[in-house]
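So you can see what is in the structure, the chains are spelled out below.
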Amino acid sequence: MRVLGVQVGKVAPLQVGDREVMSGIRKRAVSGIVGVTSLGLAGDEQADLTVHGGLAKAVYAYPVEHYEYWRVQRRALGLADDLPYGSMGENLTLTGVLEEALHVGDLLRLPHCVLRVTQPRSPCHKFVAAFGDREAGRKMIQTGFRGFYLAVDAAGHVEAGQEIELVPGPRETRLASLKGRTG
């Protein structure tokens, strides 16, 4: 289990249908050490704190193992399939850490911070617009390729290449069992 990419984004306008909304979904890779506080990664912003960010959703992680599925989906729609890390709106692109193996409360122990699994993502209209596929939210829910939110239990820093140790939590609620909706 390892961190492959670290991404942050600034709030910027996003075209959603016939209107423009503010969104922090467009994440860009950063190199080197990135600070991690109780509210997320240094330099990362969220536009709507009622549904993104905060203590329980400070960091969004996404497994790289799902990227090939999305490349195939985009090719089928005639869209570019070049999906750099952060294309799902994630802060951390991980390998070896899949939703089906996680439980709410599991810890991801990195060398210089500790993150706690809180909930899967529920994709919203901003994800659908940014991704360019009207059905992307539905597909994300149906496949279970949702990624997951993390709270910060021990602040510090993170960088690409770091190993992750999974420390089991109470094992009461499987992450994959939590139903999602698109917004």
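Here, every reference points to the structure presented above.
Trainee: So what exactly am I meant to see when it comes to the overall build of the protein chain here?
Mentor: Tallying secondary structure elements over the protein chain gives three helices and 13 strands in all. For a compact globule of 183 residues, the expected C-alpha radius of gyration is about 16 Å, and the protein chain comes in at 15 Å, within 12% of that figure. Looking at the protein chain residue by residue over its 183 residues, the buried ones come to 43%. By sequence separation, contacts in the protein chain at least 24 residues apart represent 76% of the contacts at least 6 residues apart. For the protein chain, the accessible surface area stands at approximately 8700 Å², while carbon and sulfur atoms represent 53% of it.

Trainee: Got a minute to help me understand the sheet that holds strand 13 (residues 165-167) in this structure?
Mentor: Neighbouring strands of a sheet are bound in pairs by backbone hydrogen bonds; such pairs are parallel or else antiparallel. Ordered in space as 4-1-8-7-11-10-9-13, the eight strands form an open sheet in which the pairing is mixed. The outermost strands of the open sheet, each flanked by one partner alone, are strand 4 (28-29) and strand 13.

Trainee: Whenever I open this one, the nonpolar core confuses me. Can you help?
Mentor: What tends to happen in soluble globular proteins is that the nonpolar side chains get buried as a cluster. Residues L92 and F148 are the most contacted members of the largest nonpolar core, which totals 24 residues. Those elements giving two or more residues to this core turn out to be strand 1 (2-8), strand 5 (34-37), strand 7 (59-63), strand 8 (92-95), strand 9 (107-110), strand 10 (113-120) and strand 11 (148-154). Core analysis: the second largest hydrophobic core is formed by 16 residues, V21, L83, M88 and F131 among them.

Trainee: Even after reading the chapter, I still don't get the packing of helix 1 (residues 67-76) against helix 3 (residues 136-143), so can you show me in this structure?
Mentor: Any two packed helices are characterised by how steeply their axes cross, that is the angle between the axes, and by the distance between the axes. Between helix 1 and helix 3, the least distance of the axes is 12 Å, while the angle of their chain directions is 145 degrees. For helix 1 against helix 3, the interelement crossing comes out right-handed. Seen from helix 1, the contacting residues are Y69, W70 and Q73; seen from helix 3, they are A136, K139, M140 and T143.

Rules of the game
- Residues numbered from 1 in each chain as written.
- Predicted model: local features only at pLDDT ≥ 70, side-chain atom pairs only at ≥ 80, totals over all residues.
- Heavy atoms only, no water.
- Helix = DSSP H or I, 4+ residues; strand = E, 2+ residues; numbered from the N terminus.
- Rg over C-alpha atoms; globule rule 2.2 N^0.38 Å.
- Buried < 20%, exposed > 50% of the residue type's maximum accessible area, 1.4 Å probe, protein only.
- Contact = heavy atoms within 4.5 Å.
- Areas by Shrake-Rupley, 256 points an atom, 1.4 Å probe, with all protein chains shown as cover.
- Pairing = 2+ DSSP bridges.
- Core = buried A, V, L, I, M, F, W, Y, C linked by side-chain atoms within 4.5 Å.
- Axes fitted to C-alpha atoms, helices over the stretch in contact; angles between N-to-C directions.
- Left-handed = near helix turned anticlockwise from the far one by under 90°.

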